[in-house]
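# Examining the three-dimensional arrangement
As a plain string of letters, each chain reads:
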Amino acid sequence: VLGPMAAVDASGSDGKGQGVETSVTYYRLEEVAKRNSSKEIWLVIHGRVYDVTRFLNEHPGGEEVLLEQAGADASESFEDVGHSSDAREMLKQYYIGDVHPLLDILDFPHRRRHSLRFLVSLLHVGKQILLRRPCW
Ligand code: HEM
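The paragraphs below set out a description of the structure included in this document. (Residues numbered from 1 in each chain as written. Predicted model: local features only at pLDDT ≥ 70, side-chain atom pairs only at ≥ 80, totals over all residues. Heavy atoms only, no water.)

### As for the sheet that holds strand E3 (residues 26-27)
- Reading across the sheet, the 5 strands line up as E3-E7-E6-E5-E4 and stay open at both edges, with mixed pairing between neighbours. The sheet terminates laterally at E3 and strand E4 (36-37), the two strands that pair on one side only.
- As paired elements, E4 and strand E5 (residues 40-45) share 2 bridges and run antiparallel to each other. When the bridges of E5 are listed, Asn-36 appears paired with Ile-41.
- Helix H4 (residues 85-94) contacts E5, strand E6 (48-51) and strand E7 (95-99) of the sheet and is inclined by roughly 90 degrees relative to E7. (Pairing = 2+ DSSP bridges. Helix = DSSP H or I, 4+ residues; strand = E, 2+ residues; numbered from the N terminus. Contact = heavy atoms within 4.5 Å. Axes fitted to C-alpha atoms, helices over the stretch in contact; angles between N-to-C directions.)

### Things to note about the coordination of the iron atom of the ligand
- Taken together, the protein ligands of the iron atom of the ligand are His-59 (NE2) and His-83 (NE2), with distances of 2.0 Å.
- In this structure, the iron atom of the ligand is surrounded by 6 donor atoms whose angles at the metal cover 88 to 179 degrees, and the resulting shape is octahedral. With a gap of 24 residues between them, His-59 in the loop between E6 and helix H2 (63-69) and His-83 in the loop between helix H3 (75-80) and H4 connect regions that are remote in the sequence. (Donors = N, O, S within 2.8 Å, 3.2 Å for Na, K, Ca; no water. Tetrahedral: all angles 85-135°; square planar, octahedral: opposite > 155°, others 65-115°.)

### Section: H4
- Along H4, the residues classified as buried are Ala-87, Leu-91 and Tyr-94. Viewed end-on, H4 has its buried residues packed into an arc of 65 degrees, placing them on one side of the element. When the buried face of H4 is taken as reference, the exposed residues oriented beyond 90 degrees from it are Ser-85, Asp-86 and Lys-92. (Buried < 20%, exposed > 50% of the residue type's maximum accessible area, 1.4 Å probe, protein only. Arc of directions from axis to C-beta.)

By themselves, these figures tell us nothing about what the structure is for.
Next up, the structure:
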């Protein structure tokens, strides 16, 4: 129901800063979870959302492993493989936005079964609050 959140200027540009102006689109995990077929595949890796649909055929590790993680948080499996720095660099091409820290917290009641993941996402929230200007 909730679509992607409106783009938010995360750079805090005041018109004269040298900071690169960037805007971030925020998604809920729920939105990501819908992109779980070979027609459309999104993955979350370390709180960032990647549309890997057009990467399916090109992935050196095969499309099967991506399909297994479709619509889900693939951080752990991505790290388990020990992807090269080239592979990490490639992520940028498929980046479409971030998982929204607050909206994820609101999902809490539905996620009790994943308490460890919830704690990890809490850590992400803490990190985002420390590293970023508030955007809500
Ligand atoms: C957008 C996300 C991903 C990108 C850009 C990516 C990229 C790559 C690249 C470039 C390689 C070649 C080896 C290297 O350079 O490290 C590779 C290998 C591999 N990837 Fe990924 N990968 C992604 C996601 C995943 C995920 C989510 C999984 C696991 C579920 C996975 C499993 C593997 C496996 C099993 C190999 C083969 C390793 C080997 O043969 O030694 N990859 N990937």
